[in-house]
Amino acid sequence: QGRVLLIDNELHGETLAHRIPLVAAEMGITEGEYAQHLDVLSLRGNLMHLEELASVLKQRERGYYSLIIIDAWYRMIPVGVSENDNAGMTQLYNLIDQHAAATDSGWCLVHHASKGSQTDKSVTDVGAGAGSQSRAADAHIVLREHADENHAVLDAAVRSFPPLESVTLRWEFPLWYPTDVSPRRLADAQQRKQKAR
């Protein structure tokens, strides 16, 4: 267990203040168990790119955080850099490595998928943008639509650990729950269109 910094640049602070206790309560975690281990920085309406983040991180001593989460990654990309630019994204991942070393913490980037069906893509190709991202990350964890309603398949690709088996999850607000439904039944393009109607 360690201290976590959640940097959220999509949700308003009020939304996070509602969502985090709701999820924790559903998981059986009391506020006293997590409040002293979680810092939340809401940047909605006051965006900061990855290079500017260094000034925030320097306010804490090295090792203060065990994990830093950025949600969402695309909103941390500096102006003028395209997520489709291999060279630009490689430089940003180098900067993340520098931040991780300076803070002595793990980093988790929440990223969006590319448009269209993800069924036939490898795990490392699900994320939108330049292919250099698939090689830069040490682990990819993705959720893809399952053929069954309110279900998704969690898949992962890891660099330095044994392969992980696919898991089917069932959505029951506000959490995903593991099920014994076969993870091999990913939603195809036709099912995705029907769900969208």
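Our subject in this report is the structure included herewith. (Residues numbered from 1 in each chain as written. Predicted model: local features only at pLDDT ≥ 70, side-chain atom pairs only at ≥ 80, totals over all residues. Heavy atoms only, no water.)

**Concerning the nonpolar core**
Residues I7, L50, L53, W73 and W107 are the most contacted members of the largest nonpolar core, which totals 21 residues. Put simply, the parts of the chain that give this core at least two residues each are β1 (4-8), α3 (53-57), β3 (67-71) and α4 (86-103). For W107, the contacting residues outside a window of four places in its chain are L50, L53, L57, L67, I68, I70, I96, H99 and A100. Residues L6, L11, L16 and I69 belong to the second largest nonpolar core, which totals 5 residues. (Core = buried A, V, L, I, M, F, W, Y, C linked by side-chain atoms within 4.5 Å. Buried < 20%, exposed > 50% of the residue type's maximum accessible area, 1.4 Å probe, protein only. Helix = DSSP H or I, 4+ residues; strand = E, 2+ residues; numbered from the N terminus. Contact = heavy atoms within 4.5 Å.)

**A few points about the side chain of R144**
If you trace the backbone, R144 turns up in strand β5 (residues 139-145). A relative accessible area of 8% places R144 in the buried class. Within the structure, the side chain of R144 is placed 2.9 Å from the side chain of D155, a separation counted as a polar contact. The contacts of R144, once residues within four sequence positions are left out, are Q118, T119, K121, S122, V123, V126, A152, V153, D155 and L186. (Polar contact = N/O pair within 3.5 Å; in protein donor to acceptor, adjacent residues only side chain to side chain.)

**Observations regarding the pattern of salt bridges**
Taken as a whole and assessed by the stated rule, the structure comprises 5 salt bridges. The salt bridge involving R3 is made with D39; its shortest N-O contact spans 2.9 Å. Here R3 is found in the segment before β1, whereas its partner D39 is found in strand β2 (residues 38-42), with 36 residues between them in sequence. Assigned by exposure class, R3 and D39 land together as buried. For R144, the salt bridge identified is with D155, shortest N-O distance 2.9 Å. Placement of R144 in strand β5 and of D155 in strand β6 (residues 151-158) is noted, with a sequence separation of 11 residues between them. (Salt bridge = Lys/Arg side-chain N within 4 Å of Asp/Glu carboxyl O.)

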